[in-house]
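# Inside the fold
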Amino acid sequence: MTEAASDAFVAFERVQKSYDGETLVVKDLNLAMPKGEFLTMLGPSGSGKTTCLMMLAGFETATHGEIKLEGKPINNIPPHKRGIGMVFQNYALFPHMTVAENLAFPLEVRKIGKSEREEKIKRALDMVQMGHFGGRRPAQLSGGQQQRIALARALVFEPELVLMDEPLGALDKQLRETLQFEITRLAHDLGITVVYVTHDQTEALTMSDRVAVFDDGRIQQLAPPDELYEAPRNSFVAQFIGENNTLEGTLERVEGERCTVRLDSGEVIDAKPVNVGKAGERTKVSIRPERVEFDPELGPDAHTLKAEVREFIYMGDTFRTRLSVAGNDDFIVKTRNRADQVRLTPGQSVTIGWLPQDCRALDA
Amino acid sequence: MTDTPLGPDQISGATPDNALRNADRAAAKDGPHDGPMLAADGTPLRRSLNRALRRQKLRALALVAPLLLFILITFVAPIADMLFRSVENQIVGETLPRTVAALDDWTFADGEPPDEAAYDALYSDMFLAAEAKTHTRLGGRLNYETTGISSLFRQAGRGVADIGEAQIEAIEDSSEAWDDSAFWAGLMLTGDEAAADTDLLADARARARIISGEPLAMPDETWPSAAAAAALPRTAVAYTEFALYTWSVDEDPPAEEDPWEAVWLSLALDLAANPDAPSAFSGAQAEALSAAQAALPPGTADFSFRDAFLEMDEDWGSLDVWGTIKAFGGPYTSGYFLSAADYSLNPEGVSAMPEDEQIYRTLFVRTLVMSLTITLSCILLGYPVAWLLANLPLRTANVLMILVLLPFWTSLLVRTSAWKVLLQQQGVINDILVWLGIVSDGGRLILINNATGTIIAMTHILLPFMILPLYSVMKTIPPSYLRAAKSLGATDWTAFWRVYFPQSVPGIGAGSILVFILAIGYYITPEIVGGTKGVFISNRIAYHISTSLNWGLAAALGSILLVLVLALYWLYDRIVGIDNVKLGG
Ligand SMILES: Nc1ncnc2c1ncn2[C@@H]1O[C@H](COP(=O)(O)OP(=O)(O)O)[C@@H](O)[C@H]1O
Ligand SMILES: [Mg+2]
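Just so you know, these numbers come straight off a predicted model, no measurement behind them.

## Remarks on the domain arrangement of chain A
Residue and element names in this part refer to chain A. Along its sequence, chain A is carved into domain 1 (10-235) and domain 2 (243-363). Using only C-alpha atoms to locate each centre, domain 1 and domain 2 end up separated by 39 Å. Interface area for domain 1 against domain 2, summed over the two sides, is near 750 Å², with a carbon-plus-sulfur share of 37%. Contact with domain 2 buries area across many residues of domain 1, yet Tyr-229, Pro-232 and Ser-235 alone supply 62% of it, more than any other trio.

See below:
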């Protein structure tokens with residue numbers, strides 16, 4: 001990580017965490033966030049995202065390393081003094097209190113006067129468009145409404161940092177999209193710093209300033225969404241974000257911006273070396289399905305390979321073609337539904353091709 | 001974990017209720033303009049739905065029927081019986097019906113025993129009771145109210161046959177005919193074609209039925225004839241009673257049995273009272289009657305049952321005895337409830353028991369206070385344990401749960417006796433305290449045979465009933481609530497008190513109700529470790545059930561206890577709300 005961790009708003013420095021003293025759930029986590037950033041932790045289940053969030057919130061202690069807030073280590077500050085807002089996946093609205101009482105709770109424990117309290121509650125409820133629901137109990141609200149209240153409660157005491165752990169995981173797709181939009185809007189309007197945890201890559205890509213892709217207790221890549229998609233730094237990220245075709249092979253030559261890879265099926269292709277070792281080492285070549293073309297007229301640089309159609313799927317705006325290429329039976333090609341686009345039939349032999357700069361040689 | 005709230009309306013499956021609800025909704029939507037919805041075969045939808053549901057309901061009923069029956073027989077019926085017994089008092093009126101009737105005009109306030117008519121009635125009642133041997137039971141019953149009545153009645157039962165001995169012997173000696181049982185029967189059937197005195201017979205029948213407890217197998221015999229009843233009214237009554245009793249209870253034909261002494265004495269009194277009586281008869285009957293009349297000892301006309309009873313025992317002249325019979329003569333009595341509240345129903349009216357005999361109110365108060373103390377101790381000891389169990393990993397929690405349940409696997413008696421060993425003055429706990437120097441050897445604590453002992457032992461025994469509901473309720477409180485509270489700025493204590501505790505209240509409620517209701521009716525443990533200062537009202541109830549056999553009082557005490565529990569339940573509902581009680585989930 002290249003940012004100067006010292007002037008970051010939130011910083012993880014060499015943080016490790018083990019629950020059982022045998023395995024590390026978080027291995028050497030380094031992360032620095034500027035104020036006002038919307039950062040998403042994305043990763044498969046069990047990759048340690050929640051653990052990181054809990055360490056930041058103070059519910060788990062780091063086994064090793066330091067977590068800093070505004071430059072000050074917070075390892076020894078109890079959770080209630082950290083002033084961090086939190087939104088939980090199951091909302092965690094107190095069932096025995098009304099919505100207004102739920103929102104009053106953080107203000108009461110901060111000994112804020114009644115009139116100011118009411119004003120803040122009203123403002124927070126209006127913010128999430130739930131102004132008329134103050135008297136309801138959580139059980140009388142729908143899932144989406146509960147999530148809005150949970151959000152309002154986490155924001156009502158005006159924290160500078162808000163953590164959200166899969167807050168939309170239990171909602172249906174449409175509601176999720178509405179709320180995704182609302183959360184990003186609120187975060188930007190209020191200028192708060194957000195650490196958002198999800199295992200849904202669309203959510204991560206659409207909402208965040210930067211995304212930290214987690215796997216196996218490490219950040220695999222920390223980058224803005226477009227960079228993550230366009231330029232994955234390793235094959236895990238390439239696989240995890242979006243759709244991806246992988247061809248395995250051995251490096252023959254590496255020369256600056258260009259390398260040659262001998263695929264396991266014997267073909268030799270050119271690729272852009274991103275994360276490779278020396279000649280003779282194994283590599284995985286990654287090509288996005290929408291960068292592949294049939295019967296290419298891409299110019300002299302382009303690569304062409306013979307392929308056999310396995311399956312042709314009509315998807316409305318796009319066609320998905322599953323091909324068998326260089327020993328990979330799951331090679332997907334996505335083409336737009338254009339008037340002149342031919343529909344392929346299984347068994348048909350075709351030629352496919354791509355530009356070498358769209359073909360990234362990554363770690364094996 | 002997705003905790004989407006599920007109200008009845010959100011359960012959208014095909015439950016019968018939802019089906020009805022949907023039908024309602026459909027009906028409401030279609031409105032009045034186009035009539036009821038019709039099913040495919042043209043019957044109204046609601047009717048065909050109801051028909052479909054009826055089978056389901058019948059099946060449900062069939063499934064619960066055995067339990068319902070069981071509960072009715074073993075729970076509802078005994079409670080109803082108990083409530084009835086606590087006011088029931090038929091025995092006096094059934095055993096001494098004439099006496100109770102004769103006392104109608106008499107009151108204790110008259111200041112003197114009742115007149116001859118009452119003694120006369122007592123004689124005939126007592127004679128029949130002595131034959132049926134019900135007088136001892138009645139004596140026992142009245143002895144609860146006035147001591148000494150039991151022996152008075154027993155003595156009267158023995159002595160009643162000797163009353164009027166002189167008159168009986170005189171008749172017996174006057175003619176051979178009187179020794180013939182059939183002659184007596186014939187005498188009672190004298191006169192016109194069986195013109196029976198049916199009223200008299202019906203009365204006697206009713207009494208015999210009460211005594212024998214079963215419908216009489218007696219054929220429609222015709223004594224006494226109207227003529228006999230007119231000439232010898234007392235004798236007719238006495239003979240009918242004798243005859244019916246002999247027939248129905250002893251199952252002997254009366255014509256083959258010697259009449260009771262009461263019949264002989266009645267004949268003597270009839271003959272003395274009505275010098276013309278023999279003239280209503282003829283032949284041998286008239287002769288025997290005249291002979292008997294002539295043989296009567298002087299003074300028979302003025303025969304006094306009162307003197308006869310007083311001679312047997314002076315207490316028959318006592319105002320208290322007659323007052324008691326009068327006070328408890330009715331079929332229902334408030335006497336048991338008054339006793340249960342430390343009042344007594346005297347001949348003079350209602351009065352408080354003397355200070356040193358008031359025990360029940362103290363016992364009720366003690367039972368309530370100690371049950372509350374036990375409940376509170378259970379909450380204080382059980383809450384942390386339940387919390388720990390709910391927050392430990394499942395495997396550890398299960399092991400500890402076995403420890404919590406362990407007491408259930410040993411007999412109650414064994415556990416209680418173990419407490420006796422531990423708590424006594426020379427017991428383990430005192431030994432340890434002395435050894436540690438906390439108490440001196442001379443100042444060993446009294447931990448048993450008093451309220452302390454009962455509270456300690458019962459808290460131990462009832463603790464699982466508090467921990468189990470608490471645990472299952474706490475198990476359903478997700479840890480994220482506490483975390484949420486802390487992230488919102490609450491200290492550990494505030495988070496617990498304002499967020500966790502209110503959600504565990506239903507568990508406390510369920511546990512408290514269980515423990516309290518079990519405690520209030522407990523009696524084995526207080527009996528063993530409670531001494532005199534630590535026993536409960538239930539021990540007194542048990543005593544009256546099995547030792548003093550005063551079931552009426554036991555029933556009254558039980559009824560008061562039941563009402564108290566219901567009142568507390570109502571109070572709990574008002575304060576905490578009964579829907580705020582959960583046994584889990
Ligand atoms: N309280 C805990 N005790 C022991 N292991 C835990 C605990 N919480 C999480 N883990 C383990 O740590 C790993 C990471 O979990 P988590 O941070 O919840 O992942 P994520 O949120 O990315 O799904 C998982 O393997 C999980 O089993
Ligand atoms: Mg998680």
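## Quick look at the site of ligand 1
All names here are of chain A. All residues adjacent to ligand 1 are Tyr-19, Val-25, Pro-44, Ser-45, Gly-46, Ser-47, Gly-48, Lys-49, Thr-50 and Thr-51. Contact distances for ligand 1 include 2.7 Å between an oxygen atom and a backbone N or O atom of Gly-46. Take Thr-50: an N or O atom from its side chain is 2.4 Å from an oxygen atom of ligand 1. Out of a free accessible area of 560 Å², ligand 1 has 55% covered by protein chains.

## With respect to helix α27 (residues 551-575) of chain B
Residues and elements named next belong to chain B. A rise of 1.5 Å per residue sets the reference length of α27, with its 25 residues, at 36 Å; its end C-alpha atoms lie 36 Å apart and thus fit the reference within 8%. Three or more residues of α27 are buried, namely Gly-552, Leu-553, Ala-554, Ala-555, Ala-556, Leu-557, Gly-558, Ser-559, Leu-561, Val-565 and Tyr-572. On its buried side, α27 packs onto α2 (45-85), α17 (335-340), α18 (360-391), α24 (492-520) and α26 (537-546). Backbone geometry just after α27 places Gly-577 at a positive phi near 95 degrees.

## Description of the sheet that holds strand β8 (residues 193-198) of chain A
All names here are of chain A. Read across the sheet, six strands follow the order β6-β7-β8-β3-β9-β10 without closing on themselves; strand pairing throughout is mixed. The sheet is open, and its two edges are formed by β6 (84-87) and β10 (218-223), each paired on a single side. If you compare each strand with its neighbour and ignore which way they point, the axes differ by 20 degrees on average. In the sheet, β6 pairs with strand β7 (residues 161-165) via four bridges, with the strands oriented parallel. Within β7, the position partnered with Val-87 by the bridge is Met-164. Most of the contacts of helix α1 (residues 49-57) go to β7, to which it runs at about 150 degrees, and overall it touches β3 (38-42), β6, β7, β8 and β9 (210-215). Of the strands in this sheet, β3, β7 and β8 are in contact with helix α5 (residues 173-190), which crosses β3 at around 140 degrees.

The rules behind these values
- Residues numbered from 1 in each chain as written.
- Chains lettered and ligands numbered in written order.
- Predicted model: local features only at pLDDT ≥ 70, side-chain atom pairs only at ≥ 80, totals over all residues.
- Heavy atoms only, no water.
- Domains from an automatic or database assignment.
- Buried area = accessible area lost by both parts, 1.4 Å probe.
- Near = heavy atom within 4 Å.
- Polar contact = N/O pair within 3.5 Å; in protein donor to acceptor, adjacent residues only side chain to side chain.
- Areas by Shrake-Rupley, 256 points an atom, 1.4 Å probe, with all protein chains shown as cover.
- Helix = DSSP H or I, 4+ residues; strand = E, 2+ residues; numbered from the N terminus.
- Expected span 1.5 Å × (residues − 1).
- Buried < 20%, exposed > 50% of the residue type's maximum accessible area, 1.4 Å probe, protein only.
- Contact = heavy atoms within 4.5 Å.
- Pairing = 2+ DSSP bridges.
- Axes fitted to C-alpha atoms, helices over the stretch in contact; angles between N-to-C directions.

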